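Here is what each chain is made of, one letter per residue.
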Amino acid sequence: MNDIENKFFEKYKELDSLCKDVLNSNQGVTQYICEMEKTSGRGRYYVHSWDYDYKMLKHVRWVRNNIAHNNGGSECSENDIKYVKDFYQRIMQQKDPFSIIYQRQNEIKSRIKPVSSFPFRSIIKPSKS
């Protein structure tokens, strides 16, 4: 492995470990990708970077596998390292796709009032039949 591959591999391992912890899984980045594939279009709607993140996570996983199994020639770039580091930070800052979806869903839930709190509820009287 050359220097850039070593650096990438170390940063990828950190991201993979974080994903394992966050998702309570032993598959890390692969599990994050699988969860993205299971997420409905409604959830994706909240995350502008969804498609880019999905493609990049698959790409960096491919780069990692290429480094691990093919002894060089991985086509690893500084941009790959930068993405892995940035995505790690986004998870830590709760700005990754699933954190954004979770936050958005909580915002929506907090805006929905329970039926009993509607003002007209107190003026509607049941009819006597």
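Residues numbered from 1 in each chain as written. Predicted model: local features only at pLDDT ≥ 70, side-chain atom pairs only at ≥ 80, totals over all residues. Heavy atoms only, no water.

### Some details on the side chain of aspartate 16
In plain terms, the rule: Note on conventions: DSSP H or I runs of at least 4 residues are helices, E runs of at least 2 residues are strands, and numbering of each starts at the N terminus. Contacts are residue-level and defined by heavy atoms, with any inter-residue pair within 4.5 Å sufficient.
Within the fold, aspartate 16 resides in helix α1 (residues 3-23). Those residues in contact with aspartate 16, other than ones at most four positions away along the chain, are Gln27, Gly28 and Val29.

### Some details on the environment of leucine 15
Inspection of the secondary structure puts leucine 15 in helix α1. In this structure the C-alpha to C-alpha distance between leucine 15 and isoleucine 91, which are 76 residues apart in sequence, comes to 9.1 Å. Apart from the residues within four sequence positions on either side, leucine 15 is in contact with Val29, Leu57, Val84, Phe87, Tyr88 and Ile91.

### Comments concerning the packing of aromatic side chains
Inclusion rule: What counts as a ring pair is set by centres within 6.5 Å for rings of Phe, Tyr and Trp (its six-membered ring), and what kind of pair is set by the plane angle: stacked under 30 degrees, edge-to-face over 60, tilted for all other angles. Accessibility here uses a 1.4 Å probe with only protein chains present; expressed as a share of the type maximum, an area under 20% marks a residue as buried, one over 50% as exposed, and anything in between as partly exposed.
The final tally for this structure, using the stated rule, is 7 aromatic pairs. Between tyrosine 52 and tyrosine 83, the aromatic rings sit 5.8 Å apart at their centres with planes inclined by 80°, giving edge-to-face as the arrangement. Of this pair, tyrosine 52 sits in helix α4 (residues 50-70) while tyrosine 83 sits in helix α5 (residues 78-92), and the two are 31 residues apart along the sequence. Note on tyrosine 83: relative accessible area 6%, which makes it buried. An aromatic cluster is built from Tyr32, Trp50, Tyr52, Tyr83, Phe87 and Phe98, whose rings are joined through pairwise contacts.

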